[in-house]
Amino acid sequence: MIIVTNRIRVKKGMGAVMAPGFTAPGPLDTMEGFVKVEVLLTQNLTDHDELSVNMYWENLDNFTAWRNSDAFKAAHKRPESGSGEAKKESPILGSELTTYEVASVKEIAK
């Protein structure tokens, strides 16, 4: 299993507003190898908000297929220039993508 984390810096106050969009129903739900997504909101930052969007995949090939899919492109498409949406300033200040291989796990038996 792999975890792909997109650490996204956004304008102060926008983290909690944006977080539900990453877990809303959509085409990601039907992608082969997709396991789950979780969104973490970093605490105690003063200048900006930071989201860590953790996507769990069965393997890197499944994630790569998502990144190359039309559904991914549509989900990340910028608004058409001249539209009302295009005139709005993006709340995103920057992002960084990191991929991890799950090397060890311990869970408490329930």
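Just above, that's the structure.
None of these values were measured; they are calculated from a predicted model.

Draft legend 1. Local environment of the overall build of the chain. On a plain count of helices and strands, the chain comes out with 4 helices and 4 strands. Listed N to C, the secondary structure of the chain is β-α-β-β-α-α-α-β in terms of helices and strands. Along the three orthogonal principal directions, the C-alpha set of the chain runs to about 50 × 35 × 25 Å. Sequence-distant contacts in the chain: of pairs separated by 6 or more residues, those separated by 24 or more amount to 73%. In the form shown here, the chain has an accessible surface area of approximately 8,000 Å², with 52% of it arising from carbon and sulfur atoms. If you average the places of the 13 positive and of the 15 negative side-chain charges in the chain, the two averages end up 6 Å apart.

Draft legend 2. Just the sheet that holds strand 4 (residues 92–101), in detail. Within the open sheet, the 4 strands sit side by side as 2-3-1-4. Their pairing is antiparallel. Both outer strands of the open sheet, strand 2 (34–41) and strand 4, are each paired with one neighbouring strand and no more. The mean inter-strand angle of the sheet, taken between neighbouring strand axes irrespective of direction, is 15 degrees. When strand 1 (residues 2–11) meets strand 3 (residues 48–57), the two strands line up antiparallel, connected through 10 bridges. When the sheet's bridge partners are listed, V10 is paired in strand 3 with D49. Across the sheet, helix 2 (residues 60–67) touches strand 1, strand 3 and strand 4, and the angle it forms with strand 3 is around 120 degrees.

Draft legend 3. Broad picture of the nonpolar core. Ranked by size, the top nonpolar core spans 17 residues in total, and within it L28, M31, F34, M55, W57, F63 and W66 carry the most contacts. For this core, the secondary-structure elements that each account for two or more residues are strand 1, helix 1 (15–23), strand 2, strand 3 and helix 2. Residues contacting M31, with those up to four places away along its chain left out, are W57, A65, W66 and S69.

Draft legend 4. Quick look at helix 2. Of the positions making up helix 2, those classed as buried are N62, F63 and W66. On an axial view of helix 2, the arc spanned by its buried residues comes to 100 degrees, and they lie on one face. Buried residues belonging to helix 2 abut strand 1, strand 3, helix 3 (70–75) and strand 4. For helix 2, the N-terminal cap is N59; the gap from its side-chain oxygen to the backbone nitrogen of D61 is 3.1 Å.

Draft legend 5. Up close: the packing of aromatic side chains. Evaluated as defined, the whole model comprises 3 aromatic pairs. Measuring from centroid to centroid gives 5.5 Å for W66 and F72, while their planes differ by 85 degrees, and the two rings are edge-to-face. F72 gets classed as buried once you look at its relative accessible area, which sits at 15%. Put simply, the rings of F34, W57 and F63 pair up and form one aromatic cluster. It is K36 that lies over the ring of Y56; its NZ or CZ is 4.7 Å from the centre.

Conventions we followed
- Residues numbered from 1 in each chain as written.
- Predicted model: local features only at pLDDT ≥ 70, side-chain atom pairs only at ≥ 80, totals over all residues.
- Heavy atoms only, no water.
- Helix = DSSP H or I, 4+ residues; strand = E, 2+ residues; numbered from the N terminus.
- Contact = heavy atoms within 4.5 Å.
- Areas by Shrake-Rupley, 256 points an atom, 1.4 Å probe, with all protein chains shown as cover.
- Lys, Arg positive; Asp, Glu negative; His and termini not counted.
- Charge placed at Lys NZ, Arg CZ, Asp CG, Glu CD.
- Pairing = 2+ DSSP bridges.
- Axes fitted to C-alpha atoms, helices over the stretch in contact; angles between N-to-C directions.
- Core = buried A, V, L, I, M, F, W, Y, C linked by side-chain atoms within 4.5 Å.
- Buried < 20%, exposed > 50% of the residue type's maximum accessible area, 1.4 Å probe, protein only.
- Arc of directions from axis to C-beta.
- Polar contact = N/O pair within 3.5 Å; in protein donor to acceptor, adjacent residues only side chain to side chain.
- Phe/Tyr/Trp six-rings, centres within 6.5 Å; stacked < 30°, edge-to-face > 60°.
- Lys NZ or Arg CZ within 6 Å of the ring centre and 35° of its normal.

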